[in-house]
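Examining the three-dimensional arrangement
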Amino acid sequence: MSRDSEAIRLVTRREGRFPSASLGVLVWLTIVWVLLWGQVSAANIVAGFALALLVTELAPFPTASFDGRFRIWGVIRLVAIFVRDLVHASWQQARFILRRATPRGAVIRVRLRSHSDAYLAITAGMSTLVPGSLVIDTDAATGTLYVHVFDVGMAGGVSAAHQSVLDLEERVLRAFASRSELVQAGFVPGSSPKAGRLPVPFAPDSSGGER
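In short, a report on the structure. All values reported here derive from a predicted model rather than from experimental measurement.

Grouped together as the largest cluster of nonpolar side chains are 18 residues, with contacts concentrated most on Leu78, Tyr119, Met126, Val172, Leu173 and Phe176. The set of elements that each furnish at least two residues to this core consists of α4 (72–99), α5 (117–129) and α6 (158–176). The element that contributes the greatest number of residues to this core is α6, accounting for five residues. What Leu173 contacts, discounting residues up to four positions off in sequence, is Arg71, Ser114, Tyr119, Leu182, Ala185 and Phe187. Ranked by size, the runner-up nonpolar core spans twelve residues in total, among them Leu120, Leu145, Val149 and Leu166.

So, in structure tokens, the structure goes:
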């Protein structure tokens, strides 16, 4: 197919194609379904993919601008630390329940450094999947997450819980954000936190928002 023919095909193709969601979105929703069940099996994978198709067809996601990149080392680091946190938090939750202790919960407000709805959604979703934290509300206009912490002591304190969300956001950005998006969020471009942060006049303040 010539370049002109391909351009005409892209311009004239119908928007009502099936599936309406991209393969990446369907795979991601399937992974979330499998993680929620906590068991990797053929039945769970097929059910998750079918449910992802159903949800995205009946209630398609609103479009969001995305000009990111795919940094392989950043993605590996994001996934590895997420799995580690998932196992560690699950173990902590199990010990806490077995001790029959009374949780001391709190709701914290975390204002993210990025202004992208895509990164806010990824950060909120991954935070919720880790036992002990639950995003109960978001404010896309200000890039703010409201997170319920199951037990403040188990989280290491309010400041530690607040910082853990910001650290997760940084890993998400260093995995997927473009160079300009990293700079706007106050980070030196790179797939690792070792790249550092920009000087204070250029980096947005994220120290507040705890309560």
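On we go from here.
By secondary structure assignment, the location of Arg111 is in strand β1 (residues 106–111). A sequence separation of 34 residues divides Arg111 from Leu145, and the C-alpha atoms of the two residues are 6.3 Å apart.

Here we have three strands laid out as an open sheet, ordered β1-β3-β2, and antiparallel in their pairing. Each end of this open sheet is capped by a strand with a single partner; those strands are β1 and β2 (133–139). Averaged over all adjacent pairs, the angle separating strand axes in this sheet is 25°, with direction ignored. Taken together, the six bridges between β2 and strand β3 (residues 144–149) define a ladder with antiparallel strand orientation. Bridge pairing in β3 links Asp139 to Thr144. Across the sheet, α5 is in contact with β2 and β3; its angle to β2 comes to roughly 155°. Packed onto the sheet, α6 meets β1 and β3 and runs at close to 40° relative to β1.

All right, on to the packing of aromatic side chains then. Overall, the coordinates contain three aromatic pairs when judged by the stated rule. Aromatic side chains Phe70 and Phe176 sit 6.3 Å apart centroid to centroid with 50° between the ring planes, which places their arrangement in the tilted category. With Phe70 in the loop between α3 (42–58) and α4 and Phe176 in helix α6, this pair connects stretches of sequence that are 106 residues apart.

Parameters at a glance
- Residues numbered from 1 in each chain as written.
- Predicted model: local features only at pLDDT ≥ 70, side-chain atom pairs only at ≥ 80, totals over all residues.
- Heavy atoms only, no water.
- Core = buried A, V, L, I, M, F, W, Y, C linked by side-chain atoms within 4.5 Å.
- Buried < 20%, exposed > 50% of the residue type's maximum accessible area, 1.4 Å probe, protein only.
- Helix = DSSP H or I, 4+ residues; strand = E, 2+ residues; numbered from the N terminus.
- Contact = heavy atoms within 4.5 Å.
- Pairing = 2+ DSSP bridges.
- Axes fitted to C-alpha atoms, helices over the stretch in contact; angles between N-to-C directions.
- Phe/Tyr/Trp six-rings, centres within 6.5 Å; stacked < 30°, edge-to-face > 60°.

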